[in-house]
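Residues per chain, in single letters:
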Amino acid sequence: MAEILIRGLRKEFGDFTAVQSSSFKIEDGEFFMLLGPSGCGKTTTLRMIAGLELPTSGEIFIDGEEVGMKPASERDIAFVFQMFALYPHMNVRRNISYPLISQGMPKADVKARVAEVAEILGIGDILNRPVGGLSGGDRQRVALARAIVRRPKAFMMDEPLGALDAEFREYMADELRALHDRMGATTVYVTHDQLEAMQMGDKIVVMNHGVVEQFGTPQDIYDKPATMFVADFIGSPPMNFLPVEGAISAGSQEVRLGGHSVSVPRQREAMSGNLMLGVRPEHVALRDQSAFRGEVLATEYLGTTQIITCRTSIGDLKARLPASDPATVGELVGLTFNPAMITLFDAGSGRALVSDLNAEIMANG
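What comes next is a walk through the structure. (Residues numbered from 1 in each chain as written. Predicted model: local features only at pLDDT ≥ 70, side-chain atom pairs only at ≥ 80, totals over all residues. Heavy atoms only, no water.)

Re the environment of His 192
- Structurally, His 192 can be placed in the loop between β8 (186-191) and α6 (194-200).
- Along the chain, His 192 and Pro 37 lie 155 residues apart, while their C-alpha atoms are 5.3 Å from each other.
- Among residues more than four places away in sequence, those in contact with His 192 are Leu 35, Gly 36, Lys 42, Glu 159, Arg 169 and Phe 233.
- A polar contact is formed between the side chain of His 192 and the side chain of Glu 159, at a distance of 2.9 Å. (Helix = DSSP H or I, 4+ residues; strand = E, 2+ residues; numbered from the N terminus. Contact = heavy atoms within 4.5 Å. Polar contact = N/O pair within 3.5 Å; in protein donor to acceptor, adjacent residues only side chain to side chain.)

Some thoughts on unusual backbone geometry
- With an omega of 0°, the peptide bond running from Ser 236 to Pro 237 counts as cis.
- Position of Pro 237 relative to the elements: it lies in the loop between α8 (228-233) and β11 (240-243).
- Phi at Ser 21 is positive, roughly 45°, even though this residue is not glycine.
- Topologically, Ser 21 is positioned in strand β2 (residues 16-26).
- The phi torsion at Asp 76 lies on the positive side, around 55°, for a residue other than glycine.
- Mapped onto the fold, Asp 76 is located in the loop between β5 (65-66) and β6 (77-80).

Topic: empty space enclosed by the protein
- Across all of its chains, the model carries 1 cavity of 30 Å³ or more by this definition.
- Contributing to the lining of the largest cavity are Ile 148, Phe 155, Met 157, Leu 176, Leu 179, His 180, Met 183, Ala 185 and Thr 187.
- Of all the secondary structure elements, the ones that give two or more residues to the lining of the largest cavity are β7 (154-158) and α5 (166-183).
- No other element matches α5, which puts 4 residues into the lining of the largest cavity.
- Taken together, the residues of the lining of the largest cavity break down into 7 nonpolar, 2 polar and no charged. (1 Å grid on protein atoms, 1.4 Å probe; cavity = no way out; pocket = protein on both sides within 12 Å on 5 of 7 lines; lining within 4 Å. Points joined across faces, edges and corners; volume = space filled by probe spheres on them. Nonpolar A, V, L, I, M, F, W, Y, C, P; charged D, E, K, R; others polar.)

A look at helix α3 (residues 107-121)
- If you check α3, its first and last C-alpha atoms are 21 Å apart, about what 15 residues at 1.5 Å a residue would give, namely 21 Å.
- Buried residues of α3: Val 110, Arg 113, Val 114, Val 117, Ala 118 and Leu 121, and no others. Along α3, the residues classed as buried sweep out an arc of 130° about the axis, all on the same side. Opposite the buried face of α3, at more than 90 degrees from it, the exposed residues are Ala 108, Lys 111 and Glu 119. (Expected span 1.5 Å × (residues − 1). Buried < 20%, exposed > 50% of the residue type's maximum accessible area, 1.4 Å probe, protein only. Arc of directions from axis to C-beta.)

Examining the packing of aromatic side chains
- Under the criterion given, the structure shown has 8 aromatic pairs.
- Here the aromatic rings of Phe 24 and Phe 215 are separated by 6.3 Å at their centres, their planes lie at 50°, and the arrangement is tilted. In this pair, Phe 24 is assigned in strand β2 and Phe 215 in strand β10 (residues 211-216), connecting sequence segments 191 residues apart.
- Ring centres of Phe 32 and Phe 215 lie 5.8 Å apart, and the angle between their planes is 50°; on these two criteria the pair is classed as tilted. Of this pair, Phe 32 sits in strand β3 (residues 31-35) while Phe 215 sits in strand β10; the two residues are 183 residues apart in sequence, bridging distant segments of the chain.
- Residue classification places Phe 32 among the buried positions, given a relative accessible area of 0%.
- Residue classification places Phe 215 among the partly exposed positions, given a relative accessible area of 35%. (Phe/Tyr/Trp six-rings, centres within 6.5 Å; stacked < 30°, edge-to-face > 60°.)

Put into structure tokens, the structure is as follows:
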């Protein structure tokens, strides 16, 4: 398999910059997610790694070899597209075997390889069927089989489950992750779906407007967002943001919020103002004794939990609470936050301030 190192990668299309100086490392055998909204540069980044686009500047190393200007055919990488890209005039067996036949592999070896991947993906019973009549799930398995059969160094996948319906997409996500684990393959996977990225990925790069906003494990990105964009893009509902009053100094462990003191992780840098407090809904609780209060605007029952929307004097926020906690629309409630899980942001730049919560993440970023 392959270790992939991206260093200062940039791609321009005329006056438009699609990717701006991206740098990150994909470890050998990782399931690596490129995540972000449409137009953020994630697919362009994937295509540069695969050799389908050449970078304007920067370096791409695969197993220590710089390949940035090499064509795709010299990188030993398999690409799986969203729309399957199967050959409609061939049956399943021919679609899977085509890459091997085109390389001149002996027929006996081709037959053995096809049988092997068909067993892995559970499609042995459809090898002689035309691809045109297959379900979306089977077509995706055939596309994966055609990629796997080559035994490449790494797999590039561009929203491979995007054409499937929601229920089957979740099933195939589990299947794809299990397949990756069995093979130990290095996989780079593009998606705009944050739930898919969190479910499947070992590491995630979050991109926005061609810039890498954060790179890390799903847990770190969720708990310790490096920017307001990441905090808002990851999570459902996303992180709450409330304006902080005044400045803070290095060593501060509380801020003023709506005229009241709120405990926060010990801050490691000073900020003169224009601050936002970020807290996820599950770290908000209702407490009668709290002086910071809000009016319940809505409740959304989710089975074991509920989402409560409250209006405060400084903005609306959401709380994820046990379904058994009483909350009535129109009632005034006290609100408290888990101080250990609060992030402060510079509202101007969107950058998270360094604190005891995120110091290691920010240092590595």
